[in-house]
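Descriptive structure summary
These are the residues of each chain, in order.
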Number of protein chains: 2
Amino acid sequence: MNIQRDDDEYRYKKVEQEISKHIHAGDLTPGDKLPSLRQMSSNLKVSISTVSHAYEELEKRGLIESRPRSGYFVRSEFRKIPTPIVKPATMLEPHTVTKNKLIQTALETVGNKKLLPLGVVCPGSELLPTKHLAKIMTAVVKENPALSMEYESIAGNLQLRRQIAFRSVDCGSNITADELMITIGAMEALYISLRSLTRAGDLVLIQSPTYYCFLQLVESLGLRALEIPSCPKNGINTEELAAAVKKFDIKACILSPNFNNPDGGLTPDDAKKEIVKLLAEKDIPLVEDDVYGDIYFGDTRPRTFKSFDRKGGVLLCSSFSKTISPGYRIGWLAPGRFLDKAMEIKATTNVSCASPTQMATARYLKDAHFDRHLKKLRLAMKEQMTKMRTEIALSFPKGTKVTDPKGGSVLWVELPAGTDGVKLFFRAKEEGIGIVPGSVFSTRDAFSNYIRLSSGSPWSDAIQNGIKRLGELALM
Amino acid sequence: MNIQRDDDEYRYKKVEQEISKHIHAGDLTPGDKLPSLRQMSSNLKVSISTVSHAYEELEKRGLIESRPRSGYFVRSEFRKIPTPIVKPATMLEPHTVTKNKLIQTALETVGNKKLLPLGVVCPGSELLPTKHLAKIMTAVVKENPALSMEYESIAGNLQLRRQIAFRSVDCGSNITADELMITIGAMEALYISLRSLTRAGDLVLIQSPTYYCFLQLVESLGLRALEIPSCPKNGINTEELAAAVKKFDIKACILSPNFNNPDGGLTPDDAKKEIVKLLAEKDIPLVEDDVYGDIYFGDTRPRTFKSFDRKGGVLLCSSFSKTISPGYRIGWLAPGRFLDKAMEIKATTNVSCASPTQMATARYLKDAHFDRHLKKLRLAMKEQMTKMRTEIALSFPKGTKVTDPKGGSVLWVELPAGTDGVKLFFRAKEEGIGIVPGSVFSTRDAFSNYIRLSSGSPWSDAIQNGIKRLGELALM
């Protein structure tokens, strides 16, 4: 364990995270004594005051306690919280998606700004470059007053596409500006992809659980869905996928390899490579959702499926909604060999995206603010998630399990068998707490005792109390 | 004829327009003497200098000539240019739409900013409130820096919807904010409407000619089209429509009653009422495109189908792209009784529109700038169109016919039989002139000797020369 020294102000947070990770992982169990300040300082090559600051924070969070003249100990009440186990893989039957009504209700709740935002996946506004973007938008409008006067091209603003192409090197995708189109968020990228690849009645493969808006789109386009189990730890199961494409006539796969919403699963890069190869052999297009790819907690950015794509069969969908601005609605699509078809669909759906927001985003990226911002955002998201996990461990009923994602901003909570996630959702809503019930993440009767919690908002008393109250409600 | 006195600076233009209208209509023929300045001044109740100014302008435009000591005469070279005649109504067979490739080429040409803009339908940027909007956007961003931070609701910004609802009184529509949703231009409104009403294979009724993007959307959604003839003078033919809905199983109609693109046809309000009644009886939804409704040249705003709708069967689509800002991509949809379905489709297509452009548009409308701006815009559009008609009359081959729309911004030109509009389109493109060939406005082999010219840009030598050159090219 060696704490990087590149970010002074956050050093104690890294110490704090490192220790809480070991507590959550069970390396340190309730009652265990922590190393002395001096010893820890020497181990981690940080100052004693940094360690002391970290210990204080851990104590505040209820993870450890100080005993007079004895030092620091893992709190005895702290119960190690296991991560959900994926049930043995069973080949599932294709389903017609019919969950739209419940999803609609969940969506309305997520959008309800009066509720405690444990349902909204976006980072809290304090974590986004709000003022910076406002400044840039003002400058952009001043320098280009005629911005409002012209339609953007169907593919979108060239400067913006160049910036995205330039950044695609990070995830190994290596896309050029010509291979990209700007979309209204990642949602439109996904919509354009599915319209390009399928027609009503077709079967698409999705992972389970999967983001409910994907299910809603699948239902809306009259498609059928085949679910293969996804695992919070290792993401998409390659064997399951191979068996499924062998057995069924699948027209497209929709997969989120990096921090799947809701279970946070990260598919290893090796598995990604294998999946791309497998699908290329079968000539099955792969729609990749990478909206959380930039919010990784580890040292390196996870790669995309697209980065292994040699035949143009991967359609990469992403956006800046989770990292810069939800309100700008700027996403993008690298549709591989389906570019012509995708452009045609964009043209007939809404012609092109708004000009000012595209240009402001391009400028923000060009001035190299993004990397610095992302670095801070990742650290904050990691910290918030750790705090939320801890509070769940302290407050939720015995038997609760919660994921331990390596990125993203959601926790997938498995409540004790028999607990009804939908009932909890409605109860929480009545008390002003917004969450999402687990069952909207599948086409089947699954995940009824699950809920998804977003840890996107900065930790606060209100959120801590909300989690506490949820724990009580789950017991009722 | 009585010239209104409410707009001093444009008074002479009204005189000028009035006279040229009579020349175009054939009321005044080549060689006819115009009334003296004094007589005209007394007739129109305007000053002699106003009439003199108007006569000078008409002379500059080549419509009239002054003969020493004799007065003003209609130029003998001036050939009265007839408007196209609609062929006898024949019931058409449903068609599968397959024109996308040619339309794609036409679209690229329209978007090519290096070409003379006789293809682009939008008003020239000089005519739009560019600076004003930029100022408002700056203020909006300054006052609401957090604008970028939140998703708008699926229905869109409430302030904007309220402004649109408030303005809907003008066209008799009387929509409330709750019945409206904001879309990415009118194109998305149309897309959402068709997705709400139809499935692949369904038959939709359109008027012929119709805007090629509608055909492209119809093709893209796998629908079939039944065309009923539209007339540049009286728009949609009610009898034809009645016969069509009786004979065929039509799932939806797409109609542009106000200044149909490309033929400029205006369906009289009485006919609108009858059509709404007829379709309501048959329970056939009517998708109404009203993007040009605000650009009327007469005294009153034409009504919408929506204004006669009592059963929620009309889905009104419109936008600010032709009046305020093409680049903001702000449109709207009043989907009547299909609101729930429409919201579901919006949610699964792109969730919501960008926040800043919505808020800026709402502010622009709220500060009551719009009506003043529209008044000027209408006058300018009318003037430009008259000048273009005149130049076509002077420069195009004998046998050419051109429409005389009462609003909008396009002229529909019927070239002498045998002239190939597509060839002319490619020839013009080579010479840097952007036009649209007539055949993209129908699913059938029709309008091959037609072209559409946009008179949206302010009159200039470049445009005058472009029209002249087109006339020469049409002869080749």
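About the thresholds
- Residues numbered from 1 in each chain as written.
- Chains lettered and ligands numbered in written order.
- Predicted model: local features only at pLDDT ≥ 70, side-chain atom pairs only at ≥ 80, totals over all residues.
- Heavy atoms only, no water.
- Helix = DSSP H or I, 4+ residues; strand = E, 2+ residues; numbered from the N terminus.
- Buried < 20%, exposed > 50% of the residue type's maximum accessible area, 1.4 Å probe, protein only.
- Contact = heavy atoms within 4.5 Å.
- Areas by Shrake-Rupley, 256 points an atom, 1.4 Å probe, with all protein chains shown as cover.
- Lys, Arg positive; Asp, Glu negative; His and termini not counted.
- Charge placed at Lys NZ, Arg CZ, Asp CG, Glu CD.
- Salt bridge = Lys/Arg side-chain N within 4 Å of Asp/Glu carboxyl O.
- Pairing = 2+ DSSP bridges.
- Buried area = accessible area lost by both parts, 1.4 Å probe.
- Polar contact = N/O pair within 3.5 Å; in protein donor to acceptor, adjacent residues only side chain to side chain.
- Nonpolar A, V, L, I, M, F, W, Y, C, P; charged D, E, K, R; others polar.
- Least-squares fit on C-alpha atoms with pLDDT ≥ 70 in both.
- Axes fitted to C-alpha atoms, helices over the stretch in contact; angles between N-to-C directions.

Before going further, it helps to examine the overall build of chain A. If you tally the helices and strands in chain A, you get 15 helices and 17 strands. If you line up chain A on its principal axes, its C-alpha atoms span 70 × 55 × 45 Å. Per-residue burial over chain A gives 62% buried out of 476 residues. Relative to all contacts within chain A whose residues are 6 or more apart in sequence, the contacts with residues 24 or more apart total 75%. Summed over its atoms, the accessible surface of chain A is roughly 18400 Å², and 50% of this surface lies on carbon and sulfur atoms. Across chain A, the 66 positively charged side chains and the 55 negatively charged ones have centroids separated by 1 Å.

Within the structure shown, the criterion is met by 40 salt bridges over all chains. The salt bridge partner of A:Arg469 is A:Glu472, with a shortest N-O separation of 2.6 Å. Placement of both A:Arg469 and A:Glu472 in helix α15 (residues 461-475) is noted, with a separation of 3 residues, approximately one turn of the helix. In this structure, B:Glu227 engages B:Arg444 in a salt bridge whose closest nitrogen and oxygen atoms are separated by 3.0 Å. Placement of B:Glu227 in strand β7 (residues 224-231) and of B:Arg444 in the loop between β16 (436-437) and β17 (450-454) is noted, with a sequence separation of 217 residues between them. You'll find B:Glu227 and B:Arg444 in the same group, each marked buried.

What follows concerns the sheet that holds strand β17 (residues 450-454) of chain A. A sheet is described by the order of its strands in space; here 4 strands give the open sequence β13-β14-β17-β16 (chain A), paired in antiparallel fashion. Because the sheet does not close on itself, it has two edges, and the strands there are β13 (401-402) and β16 (436-437) of chain A.

Bringing the interface of chain B and chain A into the picture now. Facing 50 residues of chain B, the contacting portion of chain A comprises 50 residues. Between chain B and chain A, the buried area comes to about 4300 Å², and carbon and sulfur atoms account for 63% of it. Per-residue buried area on chain B facing chain A is highest for B:Met149, B:Tyr151 and B:Thr348; these three make up 17% of the total on that side. In this assembly, chain B and chain A are joined by 0 salt bridges. Counting the contacts that link chain B with chain A gives 13 residue pairs in polar contact (both at pLDDT 80 or more). Those elements that provide at least two residues to the side of chain B that touches chain A are α4 (100-111), α5 (130-143), α7 (185-197), α8 (212-220), α11 (339-349) and α12 (355-366) of chain B. Residues belonging to the side of chain B that touches chain A are distributed by class as follows: 26 nonpolar, 17 polar and 7 charged.

Time to look at the pairing of strand β14 (residues 410-414) of chain A. All names here are of chain A. Across the 5 residues that make up β14, a large majority, 5, are buried. Taking every second residue as pointing to the same face, both faces of β14 are buried, with Val-410, Trp-412 and Glu-414 on one and Leu-411 and Val-413 on the other. As defined by bridge partners, β13 adjoins β14 across 2 bridges and the pair is classed as antiparallel. Considered in β14, the bridge of Lys-401 is made with Glu-414. Note that β14 and β17 share 5 bridges and pair antiparallel. Within β17, the position partnered with Trp-412 by the bridge is Arg-452.

This brings us to the relation of the copies chain B and chain A. Placing chain B over chain A gives an RMSD of 0.2 Å and needs a rotation angle of 180°, together with 0.1 Å of translation along the axis. Expressed as a symmetry operation, the mapping of one chain copy onto the other fits a two-fold axis. Minimal C-alpha separation from the rotation axis in chain B is found for B:Thr138, amounting to 2.5 Å. A symmetric contact is evident, with 100% of the interface residues of chain B recurring at the interface of chain A.

Here the focus is the sheet that holds strand β13 (residues 401-402) of chain B. Residue and element names in this part refer to chain B. Read across the sheet, 4 strands follow the order β13-β14-β17-β16 without closing on themselves; strand pairing throughout is antiparallel. Either end of the sheet is taken by a strand with one partner, and the two such strands are β13 and β16. Sitting on the sheet, helix α13 (residues 370-395) touches β13, β14 (410-414) and β17, and the angle it makes with β14 is about 20°.

These figures capture arrangement, not role.
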